[in-house]
Amino acid sequence: MKRVLVVVLALAAAVVSGCGSGGQESLVDKDKLVIGVRSDLPSIGFRTQGGGFDGFDVDVARYIAGKLGKQVSFIPVLAADREKVLTSGPADMVLATYTISQDRKARVLFAGPYHVSYQDILVRPDEAIKNVRDLKGRRICEVKGANAAQRVVEERGVAAQVVPFDDYPTCLKALKNRQVDAVTTNDVILAGLAAQDGSGLRLANAQFNEQRTGVGLRKDDVEGCEAVNRAITDMYQDGTASRLLHKWFGKSGLNLNTIAVPQFEGCS
């Protein structure tokens, strides 16, 4: 009787372990994945005329899901909602310009990064801002839930005034209306926004603060994280990463001469 009890307890422990500390099923055990993507960023994640989603992050998400043999459905997320849809919402993964940082790693698990870019500055064509030091005393847009503007103040020690807005389209409107003097975030985001806007807004090409963009996962899904990392490695080795980067940013002026597999953060 004792031997049977030991076996039952061992099986129960294995089941609990397989479900993760939060009791959530790993994404590798699901037939269909729900993936959060941006719907407001040209070339990154945006709504198509047919109501679907397209962009670099969306294509990467489709590739990863395909490598895992999963069907996929997309939900739109803003910067402020990325953690919420993972920790208490429906998403299994989030690919939404989600920069890896230590404070975020305390709440979610990151696979990747699947892309490494740099922070840059978007300004009006008549603006003299050329580098991050020129932002001293200037008003810079901060999208709620993002941390790029705050990094200028905290990490670079630049005494800029951070002005919050809900999303990047309203940031651009504020920039053109002279409510703010600059928008700063990943260069790929700024390149897509400027290209869609077409009013002459320009990148300063300041290139500072390396941006490591990762796949957000539920905190306990280590098995899913490892599977996603294998898919990202394949994406770079089979040439898909290069093809997608040139597809979405080849005419943006970004330097795509060297495309190497990013160094992964690890799934712990």
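Residues numbered from 1 in each chain as written. Predicted model: local features only at pLDDT ≥ 70, side-chain atom pairs only at ≥ 80, totals over all residues. Heavy atoms only, no water.

**Brief notes about the pairing of strand β9 (residues 161-165)**
Then step 1. Pairing between strand β8 (residues 139-143) and β9: five bridges, direction parallel. Looking at β9, one finds that Glu142 is bridged to Pro164.
Then step 2. Handedness of the β-α-β unit built from β8, helix α5 (residues 148-154) and β9 comes out right-handed. (Pairing = 2+ DSSP bridges. Helix = DSSP H or I, 4+ residues; strand = E, 2+ residues; numbered from the N terminus. Right-handed = clockwise from strand over helix to strand, strands pointing away.)

**Things to note about the confidence of the model for the protein chain**
Then step 1. Here the protein chain averages 88 in pLDDT, and 91% of its residues register 70 or above.
Then step 2. Long-range and interchain partners of residues 1-22, a stretch whose pLDDT sits below 50, account for six contacts in this model, where long-range means more than four residues apart. (pLDDT = per-residue confidence, 0-100. Contact = heavy atoms within 4.5 Å.)

**Examining the pairing of β8**
Then step 1. Burial within β8 is extensive, with four of its five residues counted as buried.
Then step 2. Of the pairings in the sheet, the one linking β8 to strand β10 (residues 182-186) comprises two bridges and is parallel in character. Across the sheet, Ile140 pairs through a bridge with Ala182, a residue of β10. (Buried < 20%, exposed > 50% of the residue type's maximum accessible area, 1.4 Å probe, protein only.)

**Things to note about the sheet that holds strand β3 (residues 45-47)**
Then step 1. The antiparallel open sheet is built from three strands, whose spatial order is β2-β3-β4. With one partner strand each, in any of the chains shown, β2 (40-41) and β4 (53-54) form the two edges of the open sheet.
Then step 2. Taken together, the two bridges between β2 and β3 define a ladder with antiparallel strand orientation. Bridge pairing in β3 places Leu41 opposite Gly45.

**So, the state of the cysteines**
Then step 1. All told, the structure shown has two disulfides when counted by the stated rule.
Then step 2. The disulfide that involves Cys141 links it to Cys171, with 1.4 Å between the sulfurs. With Cys141 in strand β8 and Cys171 in helix α6 (residues 168-176), the pair connects residues that are 30 residues apart, well separated along the chain.
Then step 3. With a sulfur-sulfur separation of 2.0 Å, Cys225 is cross-linked through a disulfide to Cys267. Its S-S torsion of about -75° marks the bond between Cys225 and Cys267 as left-handed, since a negative value means left-handed. Of this pair, Cys225 sits in helix α8 (residues 222-237) while Cys267 is found in the segment after α9 (240-249), placing the two residues 42 residues apart along the sequence. (Disulfide = S-S within 2.5 Å.)

**Section: the side chain of Asp40**
Then step 1. Considering the arrangement of structural elements, one finds Asp40 in strand β2.
Then step 2. Once residues lying within four places of it in the same chain are set aside, the contact partners of Asp40 are Gly45, Phe46, Leu78, Asp167, Tyr168, Pro169 and Leu193.

**A look at the UniProt feature "domain: Solute-binding protein family 3/N-terminal" (unreviewed entry) in the protein chain**
Then step 1. Mapped onto the present numbering, the UniProt feature "domain: Solute-binding protein family 3/N-terminal" (unreviewed entry) falls on residues 32-252.
Then step 2. Structurally, residues 32-252 is divided into 34% helix and 29% strand, and its ends, taken at the C-alpha atoms, are 34 Å apart. (UniProt positions renumbered as here; feature names shortened; annotations may be inferred.)

**A closer look at helix α7 (residues 187-197)**
Since there are 3.6 residues in each turn of an α-helix, residues three or four apart along the chain are aligned in direction.
Then step 1. Within α7, eight of the 11 residues are buried, which leaves it mostly tucked inside the rest of the structure.
Then step 2. Taken together, the buried positions of α7 are occupied by Asp187, Val188, Ile189, Leu190, Ala191, Gly192, Leu193 and Ala194.
Then step 3. Just past α7, the residue Gly198 takes up positive phi, approximately 70°.

**Side note on the pattern of salt bridges**
Then step 1. All told, the structure shown has 22 salt bridges when counted by the stated rule.
Then step 2. Among the salt bridges present, the one from Asp234 reaches Lys67, with a minimum N-O distance of 3.7 Å. Placement of Asp234 in helix α8 and of Lys67 in helix α2 (residues 56-67) is noted, with a sequence separation of 167 residues between them.
Then step 3. Overall, the relative accessible area of 29% leaves Asp234 in the partly exposed class.
Then step 4. For Lys67, a relative accessible area of 44% gives the class partly exposed.
Then step 5. Across the pair Glu210 and Arg212 runs a salt bridge whose closest N-O atoms are separated by 3.6 Å.
Then step 6. Look at the salt bridges and you will find they share partners, linking Arg124, Asp126, Glu127, Arg138, Arg139, Arg178 and Asp181 into a network. (Salt bridge = Lys/Arg side-chain N within 4 Å of Asp/Glu carboxyl O.)

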